[in-house]
Amino acid sequence: MSKSPKTRANESSVDAFVDSLSDLRQQEEAKQLIKLYREATQNEPVMWGDSIIGFGQFPIKYADGRELDWLMTGFSPRKGKFSLYIMDGFDKYTELLNRLGKYKTGKSCLYVKKLADIDLGVLSSLISASCRT
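The present account deals with the structure reproduced in this document. This structure is a prediction, so every number in the text was calculated from the model and none was measured.

### Overview of helix 4 (residues 120-132)
Point 1. Compared with the 18 Å implied by 1.5 Å per residue over 13 residues, the 19 Å span of helix 4 between its first and last C-alpha is a close match.
Point 2. Among the residues of helix 4, Val122, Leu123, Leu126, Ile127, Ser128, Ala129, Ser130 and Cys131 are the ones counted as buried.
Point 3. Along its buried surface, helix 4 packs onto helix 2 (24-41), strand 4 (67-78), strand 5 (81-86), helix 3 (94-100) and strand 7 (109-112).
Point 4. You can read the cap of helix 4 off the contacts: a side-chain oxygen lies 2.9 Å from the backbone nitrogen of Gly121, and it is on Asp119.

Spelled out as structure tokens, the structure:
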């Protein structure tokens, strides 16, 4: 029997999650990101698991044949930073990343301490481009 992933789209309230953030700057920045992602993806925000706000979804298939839906893009407020999910990675976005500002990357995550550190127009272009692939 295969194990179901913990991170799944659910009916939890995005607004209630954002309002529950203890850092007021992070609350305001999360609201800014929701607006930016909504415009860039033309999708409404949905909670994935307990702490990811996702926009859109796509099917993924594992090597063992198991299939599930996963978020197309989204973000999660973490302690002292935001994790911004760009699911197809960063290899083809070098030009945009060079103009983005101050960030760190993981496999499919951009880590940003505060929105003032990055160019939101460039972030919007990056999100839009990643959703077209």
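### Concerning the pattern of salt bridges
Point 1. Evaluation of the coordinates by the stated rule reveals 8 salt bridges.
Point 2. Note that Lys92 is salt-bridged to Asp88, the shortest N-O span being 3.2 Å.
Point 3. Relative accessible area serves as the criterion here: at 31%, Asp88 is assigned to the partly exposed category.
Point 4. Residue Arg99 is joined to Glu95 by a salt bridge in which the shortest nitrogen-to-oxygen separation is 2.7 Å.

The rules behind the values
Residues numbered from 1 in each chain as written. Predicted model: local features only at pLDDT ≥ 70, side-chain atom pairs only at ≥ 80, totals over all residues. Heavy atoms only, no water. Helix = DSSP H or I, 4+ residues; strand = E, 2+ residues; numbered from the N terminus. Expected span 1.5 Å × (residues − 1). Buried < 20%, exposed > 50% of the residue type's maximum accessible area, 1.4 Å probe, protein only. Contact = heavy atoms within 4.5 Å. Polar contact = N/O pair within 3.5 Å; in protein donor to acceptor, adjacent residues only side chain to side chain. Salt bridge = Lys/Arg side-chain N within 4 Å of Asp/Glu carboxyl O.

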